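# Structure assessment
Single-letter residue listing:
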Amino acid sequence: MALRWTDTLDIAIELYEAHPDVDPQWIRFTDLHAWVCALPEFGDDPEKSTEGLLEGIQMAWIDEAR
């Protein structure tokens, strides 16, 4: 099953595994957007992203990295 923008925690886990040396607190939303869209499991429309969704993914990634 493909990941969608609303799969915040699952995306955060995938990003944590794909980029273990990145501190998600300092990532730019443009980079975050590109990295989410590049995940092999991601299957949602890139245009459906919002700042709020990206912020939620970033916060979940920060929690996952702790």
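The preceding data block contains the structure.
Here is a short report on the structure shown in this document. Model, not experiment: these values are computed from the prediction.

### What to know about the overall build of the chain
Per the secondary structure count, the chain includes three helices and zero strands. The order of α-helices and β-strands along the chain, N terminus first, is α-α-α. The C-alpha atoms of the chain give a radius of gyration of 10 Å, which matches the 11 Å a tight globule of 66 residues would have. Projected onto its principal axes, the C-alpha positions of the chain cover 30 × 25 × 15 Å. Counting every position in the chain, which comprises 66 residues, the buried fraction comes to 29%. Counting contacts in the chain only where the partners sit at least 6 residues apart, residues at least 24 apart contribute 75% of the total. Entry remark: accessible area of the chain is about 4,200 Å², with carbon and sulfur atoms responsible for 51%.

### Examining the pattern of salt bridges
Under the definition given, this model contains three salt bridges. For the salt bridge of Arg-66 with Asp-63, the shortest nitrogen-to-oxygen distance reads 3.9 Å. Accessibility expressed as a relative area gives 76% for Arg-66, which makes it exposed.

### Topic: the side chain of Ser-49
Relative to the helices and strands, Ser-49 resides in the loop between helix 2 (29-38) and helix 3 (51-65). If we skip the residues at most four places from it in the chain, Ser-49 touches Trp-5, His-33 and Leu-54.

So, how was this worked out
- Residues numbered from 1 in each chain as written.
- Predicted model: local features only at pLDDT ≥ 70, side-chain atom pairs only at ≥ 80, totals over all residues.
- Heavy atoms only, no water.
- Helix = DSSP H or I, 4+ residues; strand = E, 2+ residues; numbered from the N terminus.
- Rg over C-alpha atoms; globule rule 2.2 N^0.38 Å.
- Buried < 20%, exposed > 50% of the residue type's maximum accessible area, 1.4 Å probe, protein only.
- Contact = heavy atoms within 4.5 Å.
- Areas by Shrake-Rupley, 256 points an atom, 1.4 Å probe, with all protein chains shown as cover.
- Salt bridge = Lys/Arg side-chain N within 4 Å of Asp/Glu carboxyl O.

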